[in-house]
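What follows is the residue order along each chain.
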Amino acid sequence: MKKKFWTSDKLFGLVAMFISVITLIIFVKQTNIMEKQSRLSAMPYLMIETSEIGSKNIYSFQLVNHGVGPAIIDSTILFYKGKTYNLEFKDFLRANIKSMDSIPILNNASINRGLAIPADGVRNILQIGGNKEDYDAFFQVLEELYSNDFDFEIRYRSIYDDKWRITSKKEIPEKLN
């Protein structure tokens, strides 16, 4: 009598191998999902926000992290009249806008490479004002800046080294490769 090719041992072995392959596929997919979830749980989301307190004649620029992880600053570049500047915003204004000499800066902070802005953290870049004349003069400075192609770019990264940038031309961060 001729032996059958598909014995119960071969059939059980084949089913076991099939189950192992399916388990491996599920494991790889689950690992990818966990990695994505881990990256998203540490994603920074920087934005430049302005605030204005007209009753106190104060105008502020703030760098705010609306994300769930720290934002680590890589670079800050300012563009004005076709030139590139690697200066703090306060120093840039003082060097390029002559009327800024007479406008008091109430508060400012630097945005240096390596600075980590925690989740829900705020960095006050510049605060101007104090009296009505200075407040109004600063709005003229802003008008002059934006009429001369002023732009900025802040590049930052997450703790997983995912990189983004924000500019004055775009309202949301742009992911970099």
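Since this is a predicted model, take the numbers as computed values, not measurements.

Rules used in this analysis
- Residues numbered from 1 in each chain as written.
- Predicted model: local features only at pLDDT ≥ 70, side-chain atom pairs only at ≥ 80, totals over all residues.
- Heavy atoms only, no water.
- Phe/Tyr/Trp six-rings, centres within 6.5 Å; stacked < 30°, edge-to-face > 60°.
- Helix = DSSP H or I, 4+ residues; strand = E, 2+ residues; numbered from the N terminus.
- Buried < 20%, exposed > 50% of the residue type's maximum accessible area, 1.4 Å probe, protein only.
- Lys NZ or Arg CZ within 6 Å of the ring centre and 35° of its normal.
- Salt bridge = Lys/Arg side-chain N within 4 Å of Asp/Glu carboxyl O.

A. Main features of the packing of aromatic side chains. A full pass over the atoms with the stated rule returns 13 aromatic pairs. Measuring from centroid to centroid gives 5.5 Å for Tyr80 and Phe92, while their planes differ by 90°, and the two rings are edge-to-face. On the criterion of sequence distance, the pair formed by Tyr80 in strand β3 (residues 71-80) and Phe92 in helix α2 (residues 89-96) is long-range, its members being twelve residues apart. Per residue, the accessibility class of Tyr80 equals that of Phe92, and both read buried. On the numbers, 5.1 Å between centres and 80° between planes, the contact of Tyr135 with Phe139 is edge-to-face. With Tyr135 and Phe139 both in helix α3 (residues 132-147) and four residues apart, this pair spans about one turn of that helix. Joined through ring pairs, the aromatic side chains of Tyr59, Phe61, Tyr80, Tyr85, Phe89, Phe92, Tyr135, Phe138, Phe139, Tyr146 and Phe150 make up one cluster. Lying across the ring of Trp164, Lys175 places its NZ or CZ 5.1 Å from the centre.

B. How the structure looks around the pattern of salt bridges. On inspection of all chains with the given rule, the structure shows eight salt bridges. Put simply, Asp136 and Lys132 hold a salt bridge, and the shortest N to O gap is 3.4 Å. One end of the pair is Asp136 and the other is Lys132, both in helix α3 and four residues apart, which spans about a single turn. For Asp136, a relative accessible area of 35% corresponds to the partly exposed category. Here Glu174 makes a salt bridge to Arg165, at a shortest N to O gap of 2.9 Å. The exposure class of Arg165 is partly exposed, given its relative accessible area of 21%. Residues joined in a network through salt bridges with shared partners are Glu153, Arg155, Arg165, Lys170 and Glu174.

C. Just unusual backbone geometry, in detail. Of note in this structure, Asp149 is not a glycine but carries a positive phi near 60°. We classify Asp149 as exposed; its relative accessible area is 59%. With a phi angle near 70°, Asp161 is a residue other than glycine that sits in the positive phi range. Residue position: Asp161 is located in the loop between β8 (151-157) and β9 (163-167). With relative accessibility at 45%, the residue Asp161 sits in the partly exposed group.

Function cannot be read off these values alone, since they describe shape.
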